Every structure is written in structure tokens, then in C-alpha cells.
Amino acid sequence: MKPRLDQIKATTTLNLDTLADLPQQRPKPVDPAVDSKPFIPPRVTITFVRIFEAFTIAAAGVAQLAFYPGFAKIASSEFYVAIIGAVVAAFLAAAQHGGLYRLDALLNPLRSVSRLAVIWVVVAGAMGLGVLLLKMGVSLSRGWYVSWVVSGLGWIIVGRYCIAAVVRHFNANGQLNRRAVIVGGGEQADQAVRTLQSSRNTGISILGFFDDRMDGRSPSETQGLQKLGSVEDLLMFVRSTRVDTLIVTIPVSAEDRLLQIFERLWILPVDIKLSAQAQKLRYRPRAYSYIGNLALLDVFDKPLGEWGPLLKAVEDKLIAAVALVLLAPVMAAVALAIKLDSRGPALFKQKRYGFNNELIEVYKFRSMHIDATDAEARKLVSRGDPRVTRVGRIIRKATLDELPQLFNVLKGELSLVGPRPHATKASAAGMLYENAVQGYFARHKVKPGMTGWAQINGWRGETDTEDKIRKRVEHDLHYIENWSLTFDLYILARTPLALLNTENAF
């Protein structure tokens, strides 16, 4: 049921002039302490808990192997490793079936410790019985096995309390709860909210609802939730408040209104879901996703998925740290050359659009004369530009002026790969980028990058025509829609070759 992205973009009527000023028009956030913390998907949390628990159980077994005398005379270490691995796998599966990886069980270990102990003893007992039935008992040290079962249970319980402390910390920050708003009011919104409120363990907090209708069809309150404004207000709200999901409750029969809503909202870095509760048309069961008992149709997914942001952050930090160490002599030489060539600091900071239209300060090596620097990039550099210094021409050709942005990557403001961050007043043929390209701000659904799909395909340098910036945005959106870790690594591998093409770099 997902509409094609190109269809939405082709009919977009969004007021980009208004959006251009969003960073300056941001409303006050709902909860600054929560807004600054990213949402951690339950699947990610549970995976880390399982890894920790598997390591804990295995470590208990290995510790007993290290201290229990004479085990090596009974059987090979490979046999014990196989036993430990089998018990760990069986326990994780049984604990999952027993509901021990639900959020409530992780937050309150005291309530689930008896169930955990029963599962552990049953799994360990079944494994021991299996070894005897397979006539491998002679190879197994019963003293080691019993001591592992006892100590392992202690380790698991202690581990559960350690997990609870960490999970409670993230839960207190609101990071384990998905934050959502309802789009649309009236009876449909009322039904959807009632369904959510009557569901258990939804893992979602509804902040309020937005609706363009201001008459009796859409009251100012529904089921205790306040109307926070119109759909246009929602755009600014998501720019200043952490929102993870938009639940659209407008019926499918209102096709024109739905299209207008999606035309405005597809540029936002959130999941957009359409409530199917009031629909008479029914699809196959697997066409729906659910929050609690509320059936939904997925329209747009947040970029990168559940694991993508974490994998991308690890990739960024590791590679950026290594690159800074390796390139430190080059960066020192560039800084010295700049200082010797012209007066002024070696570094230059510029305000640019970051993730979700947030303004960030991007670091660069200064390539212009100090009295000609253009912090807002109102006039882009052209061939033979007199504002550029002698060293500036060299480092811009070789893209060495971008190297300080590795610090932005370590700070988490930039990624190694992503749409290049643009200055706030950058223009193409005299027209601001956001006015030259419909849906321009959709490229800010992910963190901007030091390099990107557009850059390795030749779309870098001067944007003296509208077509050049359109091509960049097309490539940026292609990257966002097709992101993968291997795609990132491919772009990074291609970047040095792309930098050899200096035709548009000056």
C-alpha cells in the first residue's frame, strides 16, 4: 500500500519558503531531556541483552573449567565448548518463549527471577539428561557441570540486575518508548487512540494530534489528548521535538486529502503509518503492522531502519578516528601552509543544515582571504575566484579543505557518507536550493556526510544551474532510499578515485 516516492514528489505543493526558515522558527520542545536522546528500538535492546546474557553464561562455564581440577583428563576442551554452546542456545530460546526478554521483565528482575531460575534449571537438567542418554556421560565431569549450573544461575541473576539498571536509565530518558503523534482528528482519531489506550505493552507514547480542520468535526481534545496545531505546525513540531512515528487516521476514501498530507510529510525523518481501523477494505494479514491492537499500513519508513543508525555510528567513529591519526601530518602541513600564505586562522566554521534541518557548525580549512570569507555561502566559489588564496586553490582542488570535518564526524554531527551539508544561503542560478528543488529538505532525513553518492558520480563543485542541484538531490534521495552498510563502504572506496576528477572543483 506504500505510494511510490516519485509520485509523491511529482505532486508536491509544499511551501518551501516557509520551511527554509524552520531552524529559526522552532517551537519550544515538549521535553528537552527526551528530545535530545534517540529512540532505541526494542529489537536492538533485546539483542544486546541476549548477547550479554550469552556471554555471562559462557563465562561462568569457562571460569569453572579454569578452576575445576582435572577436567582436562576427562574430555577434550572442544567437548565442553559444545556443551556450553548448546546450553546457552537452549536457555536463550526458552527465556524468549517464557517472556523474559519483554521490557517489563527487564525493568523488574525481582518479578521474573523465579521464572528465570526454573527455566535455567530445566534447561541444564534436560541437557545433562541428554548427555547421559547419548552415553556421553563418561566424557563429562559431573562436578564441573553441577558447579557450573549453580554458579551460572548466580551469574544470570546478578546480570539481570545489572541489565535492569541500564534499561531503567534508558527508560527514564524516554529512549525505549516510541513517541508518536496522530495526524487527523474527529471520530477516526478517537477510535485509534481508544484502541491504543486499551492495548497492553504498546511501547508508544502519544504526544497529541494535528489536524487542519478547526470546526466541530475535529474537537480540540480527544481521549485526553490535545490538538497541537495544523499539519503545517506539525512540520515545525517534528523539527524541534523527537517524534518517531506519525499515525495518520484519515480514511482511505479521502484520497485527495491523504495525498496532500503525504506531500507535506514525506520529507520528515519519521515512520508514517496509516490507520486501517476504520477501513472497510481488508488486505491480507501480513500487509498490516501493529502497535498494540491498532492495525496499520506502512506508508513511509524512517531511513536506515532499526539497526542502521547504530551500525552507521560505529562505522563513522572507527573510520574517522583511524583517518585522523593517519592524516594528522597532512592536516598539520595544510594548516601551516595556510598560516604562511595569508593572515587569519587556519580553520573556518560555517553554519550548514544537518539532520532534520538542525543547524550545525561545520569545520573547514580556510581557503579564502580572511576579509572575503562568506559564512553563509551567498556566492559560491567559481573558477578563478579572486577570493580564494593560492594555498586555497590547491587544497580545494584536492578536497583537503574538508579534512577537519572528521572532527564533526566524531562529534556525531556528520557522517562519513551522506548528502553533503549545504550552507544556509547556498543558491543555484540565483535561487536558494530549497526553492530550486521540490522536496529539497527530504535529503536531511539522515545525517549529512563528508562524501556521498552524488559526489562520486561527478555532482560536486559549482552549482551554477538549477539542473546541477536537482541532480545532486536526486542522487542524495537515491542514497537514502537504498542505504546499506555495504553501500557506504562502496562509496568510501570510490571517493579517492572521484577526487581525481577536479573539473568542477575550484
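A short tour of the structure in this document, coming up. These numbers come from a predicted model, not from an experiment.

What counts and what doesn't
Residues numbered from 1 in each chain as written. Predicted model: local features only at pLDDT ≥ 70, side-chain atom pairs only at ≥ 80, totals over all residues. Heavy atoms only, no water. Helix = DSSP H or I, 4+ residues; strand = E, 2+ residues; numbered from the N terminus. Buried < 20%, exposed > 50% of the residue type's maximum accessible area, 1.4 Å probe, protein only. Areas by Shrake-Rupley, 256 points an atom, 1.4 Å probe, with all protein chains shown as cover. Polar contact = N/O pair within 3.5 Å; in protein donor to acceptor, adjacent residues only side chain to side chain. Contact = heavy atoms within 4.5 Å. Axes fitted to C-alpha atoms, helices over the stretch in contact; angles between N-to-C directions. Parallel < 35°, antiparallel > 145°, perpendicular 65-115°, else oblique. Left-handed = near helix turned anticlockwise from the far one by under 90°. Nonpolar A, V, L, I, M, F, W, Y, C, P; charged D, E, K, R; others polar. Pairing = 2+ DSSP bridges.

Per the secondary structure count, the protein chain includes 19 helices and 14 strands. Looking at the protein chain residue by residue over its 506 residues, the buried ones come to 49%. For the protein chain, the computed accessible surface area is about 24,200 Å², with 61% contributed by carbon and sulfur atoms.

This part takes up the side chain of His 422. Assignment of secondary structure puts His 422 in the loop between strand E11 (415-417) and strand E12 (427-428). Of the polar contacts made by the side chain of His 422, one reaches the side chain of Tyr 440; its length is 2.7 Å. Engagement of the side chain of His 422 in a polar contact is seen with the side chain of Arg 443, the distance being 3.4 Å. Non-local contacts of His 422, meaning those with residues more than four positions away in its chain, are made with Arg 352, Tyr 353, Tyr 433, Tyr 440, Arg 443, Ile 469 and Arg 472.

Moving on, we come to the packing of helix H6 (residues 77-97) against helix H9 (residues 142-172). Viewed as axis vectors pointing N to C, H6 and H9 meet at an angle of 40 degrees, and their least axial separation amounts to 13 Å. Classified by the angle their axes make, H6 and H9 are oblique. In this structure, H6 meets H9 at a crossing whose hand is right-handed. Where H6 abuts H9, its residues Tyr 80, Ile 83, Ile 84, Val 87 and Phe 91 lie against Trp 144, Tyr 145, Trp 148 and Ile 156. In terms of residue class, the contact of H6 with H9 is built from 9 nonpolar, no polar and no charged.

A word on the sheet that holds strand E4 (residues 225-229). Judged by pairing direction, the sheet is mixed, and its 8 strands sit side by side in the order E3-E4-E2-E1-E5-E6-E8-E7 without closing on themselves. Looking at strand neighbours, the two that pair on one side only are strand E3 (221-222) and strand E7 (289-291), the edges of this open sheet. Relative to strand E2 (residues 204-210), strand E1 (residues 178-183) runs parallel, the two sharing 5 bridges. Bridge pairing links Ala 180 to Ile 206 in E2. The sheet strands contacting helix H10 (residues 186-198) are E1, E2, E3, E4, strand E5 (245-248), strand E6 (271-275), E7 and strand E8 (294-300), and the helix crosses E8 at an angle near 115 degrees.

Our focus in this paragraph is the packing of helix H11 (residues 231-240) against helix H12 (residues 255-265). For the pair H11 and H12, interaxial distance at closest approach is 10 Å and the crossing angle is 25 degrees. When the axis of H11 is compared with that of H12, the two are roughly parallel. At the point where H11 passes H12, the crossing takes the right-handed sense. Taking contact as the criterion, the partners of Val 231, Glu 232, Leu 234 and Leu 235 in H11 are, on H12, Ile 261, Arg 264 and Leu 265. For the contact of H11 with H12, a count of residues per class yields 5 nonpolar, no polar and 2 charged.

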